[in-house]
Amino acid sequence: MSSFDPRRVRADTPIFSRVINDRPIVYLDSASSTLPPRPVIEAMDHYYSGHHANVHRGVYQTANEATDIYEGARLDVGHFIGAPDPHHEIVFTKNTTESFNLLARSWGAATLRPGDVVLVTEMEHHANIVPWFQLQATHGIEVRFVPVRDDYRLDLRDLDQLLAGVKLFSFTAMSNVLGTRNPVAELVAAAHAHGARAAVDAAQSVGHQPTDVGAWDADFVCFSAHKMLGPTGLGIFWARADLLEAMPPFLGGGGMIADVRTDGFVPAHGPTRFEAGTPPIAEAAGLRAAVRYLASLGLGEVSRYEHELTEQTLELLASTVGDRVRVIGPADVVDRGGVFSLDVEGVHPHDVAQVLDQFGVCVRPGHHCAKPLMRRFGLAATARASLGPYSVRSDLDVLVEALVAAIKLFG
Amino acid sequence: MANLDDLYREIILDHYRSPRNRGELDGATSRTEGFNPLCGDELVVYLVVRDGVLEDIKLTGHGCSISQASSSMMSAAVKGKRIEDVRHVIERFKAMMTLHEDGAEGAPAPAPAPDLRSDGELAALAGVVKFPVRIKCATLAWNTLAQALDEATP
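As the structure is a computational prediction, the values presented were derived from the model and not from experiment.

Draft legend 1. Focus on the overall build of chain A. Broken down by element type, chain A carries 14 helices and 17 strands. Whereas a compact globule of 411 residues would reach a radius of gyration of roughly 22 Å, chain A reaches 22 Å, a difference of no more than 12%. Expressed along its principal axes, the backbone C-alpha trace of chain A runs to roughly 70 × 55 × 35 Å. By the burial criterion, 51% of the 411 residues in chain A qualify as buried. The contacts of chain A with a sequence gap of at least 6 include a subset with a gap of at least 24, amounting to 71%.

Draft legend 2. Expanded view of the domain arrangement of chain A. Residue and element names in this part refer to chain A. Splitting chain A by domain gives domain 1 (6–30 + 299–410) and domain 2 (41–296). Placing a centre on the C-alpha atoms of domain 1 and another on those of domain 2 gives a separation of 28 Å. With 23 residues of domain 1 in contact, the opposing surface of domain 2 contributes 23 residues. Looking at the side of domain 1 that touches domain 2, the elements with two or more residues in it are α11 (299–321), β14 (339–344) and α13 (371–376). Residues of the side of domain 1 that touches domain 2, tallied by class, amount to 11 nonpolar, seven polar and five charged.

Draft legend 3. Examining the sheet that holds β14 of chain A more closely. All names here are of chain A. The four strands are arranged β13-β14-β17-β16 in an open sheet whose pairing can be described as antiparallel. For this open sheet the edge positions go to β13 (325–327) and β16 (364–366), each flanked by a neighbour on one side alone. Neighbour to neighbour, the strand axes of the sheet diverge by 30° on average, direction disregarded. Of the strand pairs in this sheet, β13 and β14 are connected by three bridges, and their pairing is antiparallel. Each residue of the ladder has a partner; that of R326, found in β14, is D343. Sitting on the sheet, helix α12 (residues 349–358) touches β14, β16 and β17 (382–386), and the angle it makes with β16 is about 165°.

Draft legend 4. Highlighting the interface of chain A and chain B. Chain A puts 15 residues into the contact, and the matching count from chain B is 13 residues. A per-element tally of the side of chain A that touches chain B places α12 of chain A first, with five residues. Among the residues making up the side of chain A that touches chain B, the classes are represented as six nonpolar, eight polar and one charged.

Draft legend 5. Structural detail: the sheet that holds strand β3 (residues 53–62) of chain B. Residue and element names in this part refer to chain B. With respect to topology, three strands assemble into an open sheet ordered β1-β2-β3, the strand pairing being antiparallel. The sheet terminates laterally at β1 (30–36) and β3, the two strands that pair on one side only. Each strand of the sheet is rotated relative to its neighbour by a mean of 20°, with strand direction disregarded. Pairing between strand β2 (residues 41–50) and β3: nine bridges, direction antiparallel. By the bridge assignment for β3, R50 is matched with V53.

Draft legend 6. Structural view of unusual backbone geometry. The backbone of Y152 of chain A shows a phi angle near 70°, a positive value even though the residue is not glycine. Tracing the backbone through its elements, the reader meets Y152 of chain A in the loop between β6 (142–146) and α6 (159–162). With 22 C-beta atoms packed within 10 Å, Y152 of chain A lands in the buried category. Here N21 of chain B, not a glycine, exhibits a phi torsion of approximately 55°, which is positive. Among the secondary structure elements, N21 of chain B is positioned in the loop between α2 (10–17) and β1.

Draft legend 7. Seen up close, the packing of α2 of chain B against helix α3 (residues 65–78) of chain B. Residues and elements named next belong to chain B. α3 packs onto α2 with a crossing angle of 85° between their chain directions and a minimal axis gap of 8 Å. Taken together, α2 and α3 sit at an angle that is classed as roughly perpendicular. Taken together, the residues of α3 that come into contact with α2 (itself represented by I12, L13, H15 and Y16) are S65, Q68, A69, S72 and M73. When the residues that make up the contact of α2 with α3 are grouped by side-chain class, the tally is five nonpolar, four polar and no charged.

Draft legend 8. Broad picture of helix α7 (residues 184–193) of chain A. All names here are of chain A. For α7, the set of buried residues is V184, L187, V188, A190 and A191. An end-on view of α7 places all buried positions within 160° of arc, on one side of the element. Structural note: α7 exposes E186 and A193 on the side pointing more than 90 degrees away from its buried face. In this structure, the buried side of α7 is in contact with α6, β7 (166–172), β8 (197–201) and α8 (213–216). Trailing α7 by a residue or two, G195 shows a phi angle of about 75°, which is positive.

Draft legend 9. Seen up close, α11 of chain A. Compared with the 33 Å implied by 1.5 Å per residue over 23 residues, the 31 Å span of α11 of chain A between its first and last C-alpha is a close match. Considered for burial, the residues of α11 of chain A that qualify are V302, Y305, E306, L309, T310, T313, L314 and L317 of chain A.

Draft legend 10. Representation of the nonpolar core within the structure. Grouped together as the largest cluster of nonpolar side chains are 122 residues, with contacts concentrated most on F169, V200, V221, W238, A285 and A290 of chain A. Each of domain 1 (6–30 + 299–410) and domain 2 (41–296) of chain A gives at least three residues to this core. Those residues within four positions of A290 of chain A in sequence are excluded, and the remaining contacts are V40, A225, M228, L229 and G230 of chain A. Within the second largest apolar cluster, 38 residues are counted, among which are L47, L59, I66 and M97 of chain B.

Draft legend 11. The arrangement of the pairing of β8 of chain A in detail. All names here are of chain A. A large share of β8 lies buried, amounting to five of its five residues. Side-chain alternation along β8 places R197, A199 and D201 on one buried face and A198 and V200 on a second face that is also buried. Pairing of β7 with β8 involves five bridges; the strand directions are parallel. Each bridged residue has a counterpart across the sheet, and for F171 the counterpart in β8 is V200.

Draft legend 12. Region of the structure containing the packing of helix α2 (residues 38–51) of chain A against helix α10 (residues 281–297) of chain A. Residue and element names in this part refer to chain A. One can describe the packing of α2 onto α10 by two numbers: an axis separation of 8 Å at closest approach and a directional angle of 145°. When the axes of α2 and α10 are compared, the crossing they make is right-handed. Of the residues in α10, those touching α2 at P39, V40, A43, M44, Y47 and Y48 are I281, A282, A285, G286, R288, A289, A290 and Y293.

Draft legend 13. Geometry of the environment of N176 of chain A. Residues and elements named next belong to chain A. As for its position among the elements, N176 is in the loop between β7 and α7. Between the C-alpha atom of N176 and that of D259, which follows or precedes it by 83 residues, the distance is 42 Å. With near-sequence residues (within four places) excluded, N176 lies in contact with A31, H125, Q204, V339, H368 and A370.

Each value, and the rule that gives it
- By convention here, each chain's residues receive numbers from 1 onward along its written sequence.
- Chains carry letters and ligands carry numbers; both start at the beginning, A for chains and 1 for ligands, and go up in the order they are written.
- Residue-level local features of this predicted model are given only where pLDDT is at least 70; pairs of side-chain atoms are given and counted only at 80 or more, and the full residue set underlies all totals for whole chains, interfaces and linings.
- Where helices and strands are cited, they refer to DSSP runs of H or I of at least four residues and of E of at least two residues respectively, numbered from the N terminus.
- Computation of the radius of gyration draws on C-alpha atoms alone. For the globule rule, the value is 2.2 Å times the number of residues to the power 0.38.
- Whether a residue is buried, exposed or partly exposed follows from its count of other C-beta atoms within 10 Å of its own C-beta, namely 20 or more, 12 or fewer, or something in between, respectively; the C-beta atoms are built from the backbone.
- By definition, residues are in contact whenever their C-beta atoms, placed on the basis of the backbone, come within 7 Å of each other.
- The source of the domain bounds is an automatic or database domain assignment.
- Side-chain classes follow a simple rule in which Ala, Val, Leu, Ile, Met, Phe, Trp, Tyr, Cys and Pro form the nonpolar group, Asp, Glu, Lys and Arg form the charged group, and the remainder, Gly included, forms the polar group.
- Criterion used throughout: strands pair if DSSP finds at least two bridges between them.
- Here an axis means a line fitted to C-alpha atoms, over the contact stretch when the element is a helix, while the angle between two N-to-C directions is reported on a 0 to 180 degree scale.
- Here roughly perpendicular refers to angles of 65 to 115 degrees, roughly parallel to angles under 35, roughly antiparallel to angles over 145, and oblique to all remaining angles.
- Directions are taken from the helix axis to each C-beta atom, and the arc is the one they span.
- To estimate the expected span of a helix, count its residues, drop one, and scale the result by 1.5 Å.
- A set of buried Ala, Val, Leu, Ile, Met, Phe, Trp, Tyr and Cys residues, joined to one another through C-beta atoms within 7 Å, is what we call a nonpolar core.
- Crossings are classed by handedness, with left-handed meaning an anticlockwise turn of the near helix from the far one by less than a right angle and right-handed meaning a clockwise turn.

Right, here's the structure in full:
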C-alpha cells in the first residue's frame, strides 16, 4: 500500500457516520457522485454565512468577496487540470451534460456543416451522444462510433478510416460503466493528425487521477464538480482560449453581454459570455475547497491507492463469487479505474441492489446512461459498484457478503 | 424499517423462478409492448380477447423479480375472466400500489389494502409499496395490460 491513508478521508467525510438498515454505510457509488468532505461543506456554509452577494455587479464589500470567491474557483480548478490561462478557458456550467450541450450547441452549431462527422465511441455516456444526434437532426451532421472490443477496450484498428472526414473526436477518458481508461493523448493526436478537434469527457477520471489538459493536448474537456468531492449543480467546460473566444453564446440573458440596446446585443468577451444569469456561487466555493482538498491528498497518491484497491476488488470478486458474478469490464488493472459493473447470474441488478441496501451497501443498478454500450454487450442493466479515495478493503468484504446473500435468496 | 421479507415473499420468488403463462401466443388478438425506461425492463403482453372474455394471455420480456413475478401473478389472476372483471382487478391492484401521504412528516405509507383475496396470490405483492422505488416494477405489467385492453376493446 502507498502512504496515502483513506481513513483520513473517511474521518473528514460526514456521511460515513450514517447508519443504513442498522449497518454503517458502505458507499460504492462514487461513479455516480462522490461524497463531499467537511471542508467542501464548510466552504459553502462560510460563503452563505459571511460573503453571500451576487457576483460581478456590486461595488460593496461582500459583492466583491463573492466575486473573488467565484473567480478564484475558476482559477483554482483551471490550475488543477493544468490549464495555461484559466480566466480565458474555464466556463462554469450546471454539469458535464450541460458542458457537452454547450460544446454541441455553440461550437458544433457554428462550425459543423451538413455531412461533417462527429466521431464518438460506443462506451460514451448519453451526455456525449445525444447532443450530437440533436445536431444530426438540426444540422445534418453524421455521428460515427468507435467500436468496443470484447475485452472492453476501444477497437482502434480502423481508427484512421473512422477519422476520415471527422471534424470532432469526442470521447471519454474513462468509461462510467466499464472502468476502462482510454489513451487520451494518443487519441487526441490521432484526431489532430486528421485535422479534427478533440473533446474529452473527464467526468470519471478527474477525481481519481491527475489531469493535465496540456499533456493531453486536448481542445475541449468537460467534467463535474460533484465527481471530484465537490457539490452538485456545477459543471466545468474547458476550451483552448482561441477556440472559446470564437464560440458564439449558447444561453442568452443577464451577465453574458457587453451591451444591450433596443436593436440588439453585443456579447461579453471570455467565459462569462457563456454564463448567463446568476451562476452557482456557493458551489464554486465548494469546488474550490474540493480542489484544494484533492491537491492536499495528492491525485497521484489517490490514483495509486485506487489502483491497488481495484486489483484487490477484482481478485476478491473472482475468488469468492466468481462462479456467479461476471465483471463487465477489463479483467486486468492496466489502464483501468475502480468501476465494477456486476452481472449476477440469475439475479436482476435491481434485486441485487435491493439486497445490498439491506447491508448498507450503496451501488447503482441500471443502464448507467450508456445504452449503446449495454446493447453492445447484450445487457439491459448491471449493478455497478465504484470506488472513491475513501473506499477501503472492508467495504469490499461487505459487498461480497451482500452478494452472497443475494445469490442465496434468488437461488 | 422495511424488511426485505416484506418484498421478497416466497410466493413472489416462486413466480419469479417459475413464471406462469410465459412465451408468445399464436393467434393472439393483440400484442402490446411495455417499457420501464429507467431500469430497461421490457414486457410484451399477448392477448386473445373474444366475446368480452380474456380467453388467453401470455407474456415475454425481461425484468427484475418484482416485475416478473407481478406479471406472472397477473396473468394467472386475469386469464379466463370477463374484460370488465379484469379491469376491476387492475383497478384494485393499482389502488394497492398507491402511496398516500401520512401525517405531517409526509412519509409515504401504504394505502389500505383492498380485498384481493378473491384474486388469489396478488395480495403477496402488497409489501412492494413499502419500497416506493420498486412500485413501478410491480405496475409495469398491469399498465401494459390496461393499454392492451384499451386497444383490444375500444
